[in-house]
Amino acid sequence: MTSNPPGQNLDALWEEVRQRLRRAVPQSTFEIWLSPLRPAGAQGGTLYLTGPERIVAWVERRYRPLLREALTASGSSLTDVALGAPEDGDGQTRGEAAALELNPNYTFERFVIGEGNRGAHAAALAVAETPSEAYNPLFLHGPPGLGKTHLLGAIANYLRLNAPALNVRYTTAEGFTNEFVGALRSSGAERFKSRYRDLDVLLVDDVQFLQGKQHTEEEFFHTFNALYEGGSQLVLSADRLPSELLTLEARLRDRFEWGLTIPVEPPDLPTRLTVLRRLADEAGLETEDHDALTELARRIDANVRRLHGALTKVIAHASLTAKPLSAELIAELIPNRAASSRPTTVEQIQQSVAAAFGISRAELVGGSRAATPLRARQVAILLTREATDLSLPQIGRLYGGRDHSTVLNSLRRAEARLSSDAGLAHQVAELRSSIHSGPQEQS
């Protein structure tokens, strides 16, 4: 079973390790890669850490020896570090740690309020302060990357801090589905039901992914009813209105609209600039060019996720090339999507990337594991994620029917290579410019 070392306070231990890490690396490196990590538990002599998906693979490869060294220097009885949640005696990840997987940075204080999300923020805060009394269910909808997950996480983090007696569970539709299927295979259906129906607050992200899963929809319908009738709070999010979830059962669409349905809209320029300034401050980033962040805010007009990704790329490129962070560097690296009059298509991305790597489009989306097609595919998936609002499963279907985890792994590997390979970073920058300048002729 999972256990902590006798007398070992993991939060206190991790704070000591954090301070050692802070002194060992540049401030920007610490803030971007190491600060988001949190202890998930301990087993044997290993400290388990969790963090945002976008950094875990890179930290595992690049910083695990440094983490192990800082842990050893703390004098702890733990001697090794692993990324992920520890396992219990049945080979299952610990229930609560795996279920909540909450980013501690998802708080109401850190949420940047603008005209497009003010109503959603106010509704989420009201639900956190008075669950089951304000809006039930609360349904947030909008394109990916606008802060819906942040608001759901903020509600859960607020309740864990201010109402610890409440039984709160955050998950995704995909997570709910995987748990349900796993429970059916292991004859654990009753335990699954008790886990989800004995809650005070249930928060479910990306409920659009319930569509087309008949048995999971049925189970979620009964879970929704049991919680709602029992006076529990439900908070849901999706990339569109309930009425637009056309392949979801009508009775579920109807229930999703029983409470408050509210949009989360793209951030305007002042909001994007505020987000960038906060991210730069947290990364310890200083620049003498006061127009640099404004230029970046103008060029990324879609969502907060892309803002963060663009800033990380610019910082990494500036570090690798010893160039100062400036408006000129940003103009070189980041295409001006806001000024583009033609939308980018996946076909356009695939054609451009295939041509740049000297392969056919069929090789790009096929199953080859040879080095060139593999690297090209990872780059194409990264550019598709940046340039479109497609979900990971949707992207996977466009790249040879790959699943969610394979797409996520491709994104991690591409981002890691961009951070360490200046030549590839330059090639990708040229591809971005080429893609956004207009459709390419197919050869």
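Quick notes on the rules
Residues numbered from 1 in each chain as written. Predicted model: local features only at pLDDT ≥ 70, side-chain atom pairs only at ≥ 80, totals over all residues. Heavy atoms only, no water. Helix = DSSP H or I, 4+ residues; strand = E, 2+ residues; numbered from the N terminus. Contact = heavy atoms within 4.5 Å. Phe/Tyr/Trp six-rings, centres within 6.5 Å; stacked < 30°, edge-to-face > 60°. Buried < 20%, exposed > 50% of the residue type's maximum accessible area, 1.4 Å probe, protein only. Polar contact = N/O pair within 3.5 Å; in protein donor to acceptor, adjacent residues only side chain to side chain. Pairing = 2+ DSSP bridges. Axes fitted to C-alpha atoms, helices over the stretch in contact; angles between N-to-C directions. Salt bridge = Lys/Arg side-chain N within 4 Å of Asp/Glu carboxyl O.

Colleague: What is the right way to read the side chain of His-121 from this model?
Modeller: Within the element layout of this structure, His-121 appears in helix H6 (residues 118–129). Once residues lying within four places of it in the same chain are set aside, the contact partners of His-121 are Phe-108, Phe-111, Ile-113 and Leu-151.

Colleague: Sorry, what's going on with the packing of aromatic side chains here?
Modeller: The geometry of an aromatic ring pair comes down to the distance between the two centres and the angle between the two planes. If you walk through the whole model with that rule in mind, you get twelve aromatic pairs. A ring pair is formed by Phe-224 and Trp-258, whose centres lie 6.0 Å apart and whose planes are at 70°; its orientation type is edge-to-face. Here Phe-224, found in helix H10 (residues 214–229), pairs with Trp-258, found in the loop between helix H11 (250–256) and strand E8 (260–263); they are 34 residues apart in sequence, far enough to count as distant. Classification of Phe-224 as buried rests on a relative accessible area of 0%. Ring pairing ties together the aromatic residues Phe-139, Phe-176, Phe-180, Phe-192, Tyr-196, Phe-220, Phe-224, Tyr-228, Phe-256 and Trp-258, which thus form one cluster.

Colleague: It is not clear to me how the environment of Arg-169 should be interpreted in this structure. Could you clarify?
Modeller: Positionally, Arg-169 belongs in strand E5 (residues 168–172). Residue classification places Arg-169 among the buried residues on the basis of a relative accessible area of 4%. At a separation of 3.0 Å, a polar atom in the side chain of Arg-169 contacts the side chain of Glu-179.

Colleague: Just to check I follow, could you spell out the sheet that holds strand E7 (residues 233–238) for this structure?
Modeller: The pairing of strands in a sheet comes from backbone hydrogen bonds and takes either a parallel or an antiparallel form. The strand order across the open sheet formed by five strands is E5-E6-E7-E4-E8, and the pairing between neighbours is parallel. Two strands bound the open sheet, and with one partner strand each, they are E5 and E8. For this sheet the average axis-to-axis angle between neighbouring strands, irrespective of direction, equals 15°. Relative to E7, strand E4 (residues 138–141) runs parallel, the two being bridged by four bridges. Of the residues in E7, the one forming a bridge with His-141 is Ala-238. Against the sheet, helix H7 (residues 148–162) engages E4, E5, strand E6 (201–205) and E7, with an angle of about 160° to E6. On the sheet, helix H8 (residues 173–185) packs against E5 and E6 and is oriented at approximately 95° with respect to E5.

Colleague: Teacher, can you tell me more about the pattern of salt bridges here?
Modeller: Where charged atoms from two side chains of opposite charge come close, those side chains can pair. Applying the stated criterion across every chain, the model contains 14 salt bridges. With its nearest N and O atoms 3.0 Å apart, the salt bridge here joins Arg-169 to Glu-179. Separated by ten residues along the polypeptide, Arg-169 in strand E5 and Glu-179 in helix H8 bring together distant segments of the chain. Taking relative accessible area as the criterion, Glu-179 reaches 22% and is therefore assigned partly exposed. Arg-251 is paired through a salt bridge with Glu-218; the nearest N and O atoms lie 2.5 Å apart. With a gap of 33 residues between them, Arg-251 in helix H11 and Glu-218 in helix H10 connect regions that are remote in the sequence. What you see here is one network of salt bridges that share partners, running through Arg-64, Arg-68 and Asp-80.

Colleague: Would you explain unusual backbone geometry in this entry?
Modeller: Backbone phi values are negative for most residues with the exception of glycine, while trans is the configuration of most peptide bonds. Cis rather than trans, the peptide bond between Asn-136 and Pro-137 has omega equal to -5°. Tracing the sequence through the fold places Pro-137 in the loop between H6 and E4. One non-glycine residue, Ser-132, adopts positive backbone phi at about 75°. In this fold, Ser-132 is placed in the loop between H6 and E4. A residue is classified by how much of its surface remains accessible, and Ser-132, at 31% relative accessible area, is partly exposed. For Asp-206, which is not a glycine, the phi torsion comes out positive at approximately 55°. Mapped onto the secondary structure, Asp-206 falls in the loop between E6 and H10. Among the residues examined, Asp-206 registers a relative accessible area of 25% and is labelled partly exposed.

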